[in-house]
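Descriptive structure summary
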There are 2 protein chains.
Amino acid sequence: MERTLKLTIAYDGTEFHGFQRQANAVTIQQVLEERLAKIFGHPVKVTGAGRTDAGVHAYGQVVSLKTTGSIPTDRVAVAARSVLPDAIVVTAAEEAPAGFNARYAAKSKIYLYRLHSGDAPDPFLRNYAWHMAETPDAAAMDAAARLVVGRHDFSAFRAAGGAPVNPVRTILDASCRRDGRLTEFSFWGTGFLYHMVRNLVGTLVDVGFGRLSADDFAAILASRDRKKAGITAPPQGLYLKEVLY
Amino acid sequence: MERTLKLTIAYDGTEFHGFQRQANAVTIQQVLEERLAKIFGHPVKVTGAGRTDAGVHAYGQVVSLKTTGSIPTDRVAVAARSVLPDAIVVTAAEEAPAGFNARYAAKSKIYLYRLHSGDAPDPFLRNYAWHMAETPDAAAMDAAARLVVGRHDFSAFRAAGGAPVNPVRTILDASCRRDGRLTEFSFWGTGFLYHMVRNLVGTLVDVGFGRLSADDFAAILASRDRKKAGITAPPQGLYLKEVLY
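Residues numbered from 1 in each chain as written. Chains lettered and ligands numbered in written order. Predicted model: local features only at pLDDT ≥ 70, side-chain atom pairs only at ≥ 80, totals over all residues. Heavy atoms only, no water.

1. Re empty space enclosed by the protein
- Within the structure shown, the criterion is met by 1 cavity of 30 Å³ or more.
- Volume-wise, the largest cavity comes out at about 80 Å³.
- Along its surface, the largest cavity is lined by D12, T14, E15, R126, N127 and Y128 of chain A together with D12, T14, E15, R126, N127 and Y128 of chain B.
- Within the lining of the largest cavity, the residues separate by chemical class into 2 nonpolar, 4 polar and 6 charged. (1 Å grid on protein atoms, 1.4 Å probe; cavity = no way out; pocket = protein on both sides within 12 Å on 5 of 7 lines; lining within 4 Å. Points joined across faces, edges and corners; volume = space filled by probe spheres on them. Nonpolar A, V, L, I, M, F, W, Y, C, P; charged D, E, K, R; others polar.)

Right, here's the structure in full:
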């Protein structure tokens, strides 16, 4: 009998070329499909809720798949540990209604972005945060981040040269807080454009260092002009924290 | 004019075959010598205070080297960042008296060992802690760890088949404490046998799970018999925290 499963996956994206399958590069999707086939006993195709780029991490990526295999659902997470590399962990597995698609059924997602500041870079954070020598002002970045909450045309923060998609997205919450040398952004939204979080962070850091005011930031958002915004923050600070259904 | 320098180094040991130079494998020492030659303008030889194995990390390894190069001492740490891989960071550089040898001058060292417990392994800690599904009793392990403080024959915790060295070492402090899912051991001693910390931890975990009592642990130490002690804890939980002079 065919079951549809919903798996929650955490992964360290450092050594992978992103989530989505591609030729000549090892991706999370490819590893999941190849390795999970061993526990289901047949080839599997997984659909991820969100695509993450090379070097981007996940605490709570969600994938859906169909199986006719006999392994009980409550054994999947433990069995997956024996076939997956340590960098990819199935943290939960549950049966979903027939036709459940992790991508299309997702109602919203939460992304985190981490900065690390300090004179010397920390070798243990090199793959897990964006290092900067000075500490940006978290309160100023928090105030500016909150300006993106709501329904906006995010053309100013979309990837240059990206496919022509509707640039309007709804952000439910956005914030920034600092804990010692770590500064963390959180963005909760019903959808995100390609590179949107990294482009927002790259521009918010300009606010944190006083190069832009919150009003400047609001004007950039309103301009819908990618050229007015800041750089694309590097991938290693980004985490897909949670997918909500 | 020749100067002797003392450098403090932090490194993520995951991708290296330990500190000490060896044929056909990339080591911390080799990378330091090859890359630092570029900032000093001549070949350099570094002497490390402690040898760390493959996968073992350091917050505060110390190395000494001699240079006739012209780079000011206070520029060494920053210049080193441009030539070293991100996994190895020079956190401090200072001039030392002629003849200073980081290994022989060291008075004591502090090592940390980290355990992570939880049903699911954490992909972000796979290279930085020893994962176990259950949480060992930190108070029991702390009490047992304190039994090694003092001057003892540590033959029960030396590497099997190691070179015949004097097995007597002095431990100044030893402790264990838990913070949520992380449990951390600290060992401060004037010297350590090869694999001694990892062998101590492998046996202390037996105490933490109630397989051995503190009295059993004391008896193992007194037996000087490696076969009576526990396993060698895996390398990725071990950190050379500090070298004291």
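Still to come is the rest of the account.
2. Some words on the layout of surface pockets
All names here are of chain A.
- Here the largest pocket defines a volume of roughly 950 Å³.
- At the level of elements, β5 (108–117) and α4 (196–208) are the ones that each hand at least two residues to the lining of the largest pocket.
- Per element, the largest residue contribution to the lining of the largest pocket is 3 residues, and it comes from α4.
- Of the residues that constitute the lining of the largest pocket, the class distribution is 15 nonpolar, 11 polar and 8 charged.
- The residue makeup of the lining of the largest pocket includes at least three contributed by each of domain 1 (3–96) and domain 2 (108–244). (Helix = DSSP H or I, 4+ residues; strand = E, 2+ residues; numbered from the N terminus. Domains from an automatic or database assignment.)

3. Looking at the domain arrangement of chain A
All names here are of chain A.
- As far as domains go, chain A holds domain 1 (3–96) and domain 2 (108–244).
- If you average the C-alpha positions of domain 1 and of domain 2, the two centres end up 27 Å apart.
- Each partner contributes residues to the interface: domain 1 has 16 residues there, and domain 2 has 17 residues.
- Around 1200 Å² of area is buried between domain 1 and domain 2 when both sides are counted, 55% of it from carbon and sulfur atoms.
- Across the contact surface, domain 1 and domain 2 share 1 salt bridge.
- Of the residues contributing to the side of domain 1 that touches domain 2, the split by class is 6 nonpolar, 7 polar and 3 charged. (Contact = heavy atoms within 4.5 Å. Buried area = accessible area lost by both parts, 1.4 Å probe. Salt bridge = Lys/Arg side-chain N within 4 Å of Asp/Glu carboxyl O.)

4. Focus: the interface of chain B and chain A
- Listed by partner, the interface residues are 20 residues for chain B and 20 residues for chain A.
- Where chain B abuts chain A, roughly 1600 Å² becomes buried across the two surfaces, and 68% of that area is made up of carbon and sulfur atoms.
- Broken down residue by residue, the surface that chain B buries against chain A is led by P123, F124 and R126 of chain B, which jointly contribute 40%.
- On the surface where chain B and chain A come into contact, there are 4 salt bridges.
- On the surface where chain B and chain A come into contact, there are 4 residue pairs in polar contact (both at pLDDT 80 or more).
- Every element with two or more residues in the side of chain B that touches chain A is listed here: β1 (3–11), β3 (57–67) and β4 (88–96) of chain B.
- With 3 residues, the top contributor of residues to the side of chain B that touches chain A is β3 of chain B. (Polar contact = N/O pair within 3.5 Å; in protein donor to acceptor, adjacent residues only side chain to side chain.)

5. Details of the packing of aromatic side chains
- The full count for this structure, using the stated rule, is 20 aromatic pairs over all chains.
- Seen in terms of ring centroids, F124 of chain A and Y239 of chain B are 5.7 Å apart; in terms of plane orientation they differ by 55°. Their pairing is tilted. Note that F124 of chain A is positioned in the loop between β5 and β6 (130–132) and Y239 of chain B in strand β10 (residues 238–244), a pairing that runs across two chains.
- Since its relative accessible area comes to 10%, F124 of chain A is described here as buried.
- Exposure remark for Y239 of chain B: the relative accessible area of 2% places this residue in the buried category.
- Looking at R114 of chain A, its charged tip hangs above the ring of Y239 of chain A, at a distance of 4.7 Å from the centre. (Phe/Tyr/Trp six-rings, centres within 6.5 Å; stacked < 30°, edge-to-face > 60°. Buried < 20%, exposed > 50% of the residue type's maximum accessible area, 1.4 Å probe, protein only. Lys NZ or Arg CZ within 6 Å of the ring centre and 35° of its normal.)

6. Concerning the relation of the copies chain B and chain A
- In the superposition of chain B on chain A (RMSD 0.0 Å, axial shift 0.0 Å), the rotation amounts to 180°. As the rotation angle and translation indicate, the two copies are arranged about a two-fold axis. Of the C-alpha atoms belonging to chain B, the one lying closest to the rotation axis is found on F124 of chain B, 5.3 Å away. (Least-squares fit on C-alpha atoms with pLDDT ≥ 70 in both.)

7. Considering the side chain of R169 of chain B
Residue and element names in this part refer to chain B.
- Summarising the element assignment, R169 is placed in strand β8 (residues 168–179).
- D153 provides the closest opposite charge to the buried, salt-bridge-free R169, at an N-O distance of 8.7 Å.
- A distance of 2.8 Å separates the side chain of R169 from the backbone oxygen of N166, its partner in a polar contact.
- In this structure R169 touches G150, R151, H152, F154, G191, F192, L193 and M196, once residues within four positions along its chain are discounted. (Lys, Arg positive; Asp, Glu negative; His and termini not counted.)

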